[in-house]
Amino acid sequence: MDDSMLSCLTHPVYAITGEVASQMGIRAFAVGGVIRDVFLHRTSKDIDIVVLGSGIEVAEAVAKSISDKIEVHCYKNFGTAQFMYHDAKIEFVGARKESYRPHSRKPVVENGTMVEDLKRRDFTINAFAVALNGNEKGMLIDLFNGLQDLHDKIIRTPLDPDFTFSDDPLRMMRAVRFASQLGFRIYDKTFKAIRRNAERLEIVSMERVMDEFNKILLSPKPSIGIRLLEESGLLRYFLPQLLDLKGVEYIEGKGHKDNFLHTLEVVDKVALASRDLWLLWAALLHDIAKSRTKKYDPEHGWTFHGHEILGSKMAFSIFRKLHLPANEKLKHVQKLIALHLRPIALVEDTITDSAVRRLLFEAGDDIDDLMLLCEADITSKNPEKVRRFLDNFAKVREKLKEIEEKDRLRNWQPPVDGELIMHTFQILPSQPVGIIKTTIREAILDGLIPNEKDAAVKLMIEEGEKLGLTVVNPPYGI
Ligand code: CTP
């Protein structure tokens, strides 16, 4: 008997499950990613336990032996049950053979053996099991040389890849995700099968596809995964707009940069500095409209006028199609895309206070992310140019800090609002209200008046009078 593996499985649920399952005469195994993560020295949040019997009955018995208070969630259709214990989600399932009918999203589940169960898993590095009781207690079961593949850093399916992928086509995304997350290589035969089966990704729900894609974006070097998605043909089933950025066109000997490769570089640079998923999405989509705005002008060369505005609109439809959140996360991404040229435009002119004020006003709390995105956007191969841009950005950052301290413009609301204007002149919502508000806002942003209530009220009265209005209720202090 070898119980060396058990010493690595430190969560208390393993020992309890071993004992309870033995009392029930049922064999239990820890399986899947949790064992892989032991070898990779990663911590995993979820624990999967497979039993040769009813997963639901074992889960209920284990939970009861811990405490009456544990709430067990059962999913009878799938024969699984789960509960939370010591910060981990523990899932129990009976060993099974599971397959997807070729055109359906619903798995067909049958009872199986442990060998069957492991065979039906996605990759050799995820097809380990450790026995929690019985004669083999503590033993590692590695039927497909997963340890060797972990050592060689290879993603490979335990069975014929066509078969494994037809069981669940999401696994093609998972192969790319593990390659990107762990820096592993996808085995040649496995990769060819992904190419052959890519189209079957269409039967997988978008939420599951996005779960994997977001993990790719959050991996240390997302370009590894995105390139694999492109090379395997998977990308075009969910984000074809990115493929439109590929390639370089030449007219009169002048070419533009390959915007697909540029985008990958920007995403990688952002990933080095941040693990904010939505900032990574903004980096991915910042130039998404370049293919649709591209024009050649004999005088100015290649132009992409308005790509930041169209790109921000495209982000909306892309998020909707991909079932990504349609709330403030989307707004944040849209704002970053729409403003991504602004800091560059700023350094091309002399950096005036009023331009910095405007940027702060428009970007609000997104200003730090915007600056990070813009710095990442500089992918020139000319070191002199890069140095100049980064020096200028440093100046912009300094100026931003200075103006922010002085004017407190982040999330700023002008000191005079529509209510006060309507009350002062006793008017209803109307065009003059908008005109006065805009005049005050512009005057503050241009530095013509200080960002203070008295100055703003004074200007409101002057502007109102210019528009033929009379002060009926003088504001407090005037
Ligand atoms: N699995 C599978 N096919 C899938 C999903 C999962 O065969 N489409 C198996 C694998 O054995 C996997 C285990 O179920 O290791 C648990 O899956 P999951 O919790 O989704 O992923 P992990 O491999 O644990 O990886 P991570 O925690 O990083 O998501």
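As a reminder, the structure under discussion sits directly above these lines.
Position numbers for residues start from 1 in each chain and track the written sequence from start to end. Where totals are concerned, whole chains, interfaces and linings use all residues; where local detail is concerned, this predicted model gives features only for residues with pLDDT of at least 70, and gives and counts side-chain atom pairs only at 80 or more. The side-chain figures draw on all heavy atoms in the structure; neither hydrogens nor water molecules are used.

J.: Which residues make up helix H2 (residues 12-23), and what values go with them?
T.: In DSSP terms, a helix is any run of H or I states spanning at least four residues, a strand is any run of E spanning at least two, and both are numbered starting from the N terminus. A helix's residues, less one, multiplied by 1.5 Å, set its expected span. With 12 residues, H2 ought to run about 16 Å at 1.5 Å a step, and its terminal C-alpha atoms sit 17 Å apart, in line with that. Only protein chains enter the accessibility calculation, which uses a 1.4 Å probe; a residue is then buried when its area is under 20% of its type maximum, exposed when over 50%, and partly exposed in between. By the burial criterion, the buried members of H2 are Val13, Tyr14, Thr17, Gly18, Val20 and Ala21. Lining the buried residues of H2 we find strand E1 (28-31), helix H3 (33-39), strand E2 (46-51), helix H4 (55-66), strand E4 (80-85) and strand E5 (88-94). Just beyond H2, the residue with positive phi is Gly25, at close to 70°. Residues are treated as being in contact if the distance between any of their heavy atoms lies within 4.5 Å.

J.: Describe the pattern of salt bridges, with residues and values.
T.: Between side chains of opposite charge, a pair can form as their charged atoms come close. Each salt bridge in this description consists of a side-chain nitrogen of Lys or Arg and a carboxyl oxygen of Asp or Glu lying within 4 Å of one another. Counted under the stated rule, the structure contains 30 salt bridges. Between Arg36 and Asp37 there is a salt bridge, with its nearest N and O atoms 3.0 Å apart. Asp37 carries the same exposure label as Arg36, and that label is buried. Salt-bridge contacts for Arg387 lead to Glu384; the nearest nitrogen and oxygen are separated by 3.3 Å. On the criterion of helical spacing, the pair formed by Arg387 and Glu384 is a turn pair, its members being 3 residues apart in helix H21 (residues 383-407). In this structure Arg387 comes out as partly exposed when scored by relative accessible area, which is 45%. We classify Glu384 as partly exposed; its relative accessible area is 42%.

J.: Pulling in residues and values, what's your account of the nonpolar core?
T.: Throughout this description, the term nonpolar core refers to a set of buried Ala, Val, Leu, Ile, Met, Phe, Trp, Tyr and Cys residues connected via side-chain atoms within 4.5 Å. By size, the foremost hydrophobic cluster in this structure holds 115 residues, and its most contacted members are Met173, Phe213, Phe238, Leu239 and Trp281. When residues in this core are grouped by element, the largest group, 9 residues, is from helix H14 (residues 277-285). When residues no more than four places from it in sequence are discounted, the contact partners of Phe238 are Met173, Leu201, Met206, Val209, Met210, Phe213, Leu229, Lys321 and Leu322. One finds Ile421, Val433, Leu445 and Met460 within the second-largest nonpolar core, a separate group that totals 21 residues.

J.: Before we move on, can you summarise the layout of surface pockets with the specific residues and values?
T.: Each pocket or cavity is described by its volume, and for the second largest pocket that value is around 760 Å³. Lining the second largest pocket we find 27 residues, and of these Lys257, Lys290, Leu341, Ile344 and Asp377 sit closest to its centre. Where the lining of the second largest pocket is concerned, the elements lending two or more residues are helix H13 (259-273), strand E15 (301-303), helix H16 (307-321), helix H18 (342-348) and H21. Note on residue categories: nonpolar means Ala, Val, Leu, Ile, Met, Phe, Trp, Tyr, Cys or Pro, charged means Asp, Glu, Lys or Arg, and polar means any other residue, Gly included. Of the residues in the lining of the second largest pocket, the class split is 8 nonpolar, 9 polar and 10 charged. In the cavity and pocket records, a cavity denotes points on a 1 Å grid over the protein atoms alone where a 1.4 Å probe fits but cannot get out, a pocket denotes an open set with protein on both sides within 12 Å along at least 5 of 7 lines, and lining residues are residues with an atom within 4 Å of a point. Grid points are joined across faces, edges and corners, and a volume is the space filled by probe spheres set on the points.

J.: A description of the sheet that holds E5 should follow, citing residues and the corresponding values.
T.: What links the strands of a sheet is backbone hydrogen bonding, and the strands pair in either a parallel or an antiparallel sense. At least two DSSP bridges between two strands are required for those strands to pair. On the basis of which strands lie adjacent, the open sheet formed by 7 strands has the order E3-E4-E5-E2-E1-E8-E9 and mixed pairing. Single-partner strands in this sheet number two, and they are strand E3 (73-75) and strand E9 (140-141). Looking at chain direction, E3 and E4 are connected through 3 bridges and run antiparallel. Across the sheet, Cys74 pairs through a bridge with Ala81, a residue of E4.

J.: Go over the environment of Val333 with me, naming the residues and quoting the values.
T.: Positionally, Val333 belongs in helix H17 (residues 328-339). Here Val333 falls in the buried class, since its relative accessible area comes to 0%. The sequence separation of Val333 and Lys401 amounts to 68 residues, and the corresponding C-alpha distance is 23 Å. Residues in contact with Val333, not counting those within four places in the same chain, are Trp278, Trp281, Ala282 and Phe319.

J.: Outline the packing of aromatic side chains, listing residues and values.
T.: Two descriptors summarise a pair of aromatic rings, namely the distance from one centre to the other and the angle between the planes of the rings. Stacked, tilted and edge-to-face are the three classes assigned to paired rings of Phe, Tyr and Trp, where Trp is represented by its six-membered ring and a pair needs centres within 6.5 Å; plane angles under 30 degrees give stacked, over 60 edge-to-face, the rest tilted. Applying the stated criterion across every chain, the model contains 8 aromatic pairs. Measuring from ring centre to ring centre gives 5.1 Å for Tyr296 and Trp302, while their planes differ by 65°; the resulting arrangement is edge-to-face. Here Trp302 falls in the buried class, since its relative accessible area comes to 14%. Definition used: whenever NZ (Lys) or CZ (Arg) falls within 6 Å of the ring centre and also within 35 degrees of the ring normal, the charge is taken to sit over that ring. Of note, Arg156 hangs over the ring of Tyr187, and the distance from its end group to the ring centre comes to 4.1 Å. The positively charged end of Lys290 is found above the aromatic ring belonging to Phe304, 4.6 Å away from the centroid.

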